[in-house]
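Fold and geometry: a report
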Amino acid sequence: MEKVKLRLKLLVSYLENEDIKKARESYLQIAEHLGDTEFNKGYSKAINGIVTSMEKKDRDSIIFRIVSKEIDKRDLKKLLLESTKRASDAFRTEEEKGFETAWVDVLSIYVERAGT
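On a predicted model such as this, the values are computed, not experimentally measured, just so you know. (Residues numbered from 1 in each chain as written. Predicted model: local features only at pLDDT ≥ 70, side-chain atom pairs only at ≥ 80, totals over all residues. Heavy atoms only, no water.)

**Points about the pattern of salt bridges**
We apply this condition: By definition, a salt bridge exists where a carboxyl oxygen of Asp or Glu is found within 4 Å of a side-chain nitrogen of Lys or Arg. Numbering goes from the N terminus for both helices and strands, where a helix is a DSSP run of H or I of at least four residues and a strand is a run of E of at least two. Categorising residues by exposure relies on relative accessible area from a 1.4 Å probe, with only protein chains included: less than 20% of the type maximum marks a residue as buried, more than 50% marks it as exposed, and the intermediate range marks it as partly exposed.
Taken as a whole and assessed by the stated rule, the structure comprises 13 salt bridges. Residue E55 pairs with R24 through a salt bridge whose shortest N-O separation is 2.8 Å. Here E55 is found in helix α3 (residues 38-55), whereas its partner R24 is found in helix α2 (residues 20-33), with 31 residues between them in sequence. When its relative accessible area of 38% is taken as the criterion, E55 is described as partly exposed. Salt-bridge contacts for R74 lead to D75; the nearest nitrogen and oxygen are separated by 3.9 Å. With relative accessibility at 54%, the residue R74 sits in the exposed group. Classification of D75 as partly exposed rests on a relative accessible area of 28%.

**Focus on the nonpolar core**
Soluble globular proteins tend to bury their nonpolar side chains together. Threshold: To define a nonpolar core, start from buried Ala, Val, Leu, Ile, Met, Phe, Trp, Tyr and Cys residues and group those joined through side-chain atoms within 4.5 Å. In what follows, residue pairs with any heavy atoms lying within 4.5 Å of each other are defined as contacts.
Membership of the largest hydrophobic core comes to 32 residues, with the highest contact counts inside it found for L11, L15, I47, I63, V106 and Y110. Mapped by element, the contributors of at least two residues to this core are α1 (2-16), α2, α3, α4 (62-67), α5 (73-88) and α6 (94-113). If sequence neighbours within four positions are ignored, L11 has contacts with A23, S26, Y27, I30, I47 and V51.

Quick look at the structure:
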C-alpha cells in the first residue's frame, strides 16, 4: 500500500498542476497495484471518480473545489474527519470502507499541504 500512497501524492500534484492526462496515468498505475478485493475496488472507484471529476471540470465536485482552493483548511479538516469516521463505521461494506479510505488518503495530502 506504500507504493499506492506515493503514487497518490504524484496524482495530487498532477491535479494541482492541471495535468489531467498524467493524473489519469497515475490512477491507472494505482489501480494496477491494488489487489482484487472489495476494499480495493472501492478505493480504485474513489480515485477514478476524483480524476474523472477533474477531467470533466465538474465545478460542483469536492475535488474540483479543493484544487481550486475554494475549500479552506478548516473545512478540509472537517471533510477528512467525516471520511475517517465513515471509513471505520462497522456497518459499511468493504467497498465503502475502501472508497472512504481513498478519500482519507487524498484529503490527508491536501491537509498536509495546507500547512495544518
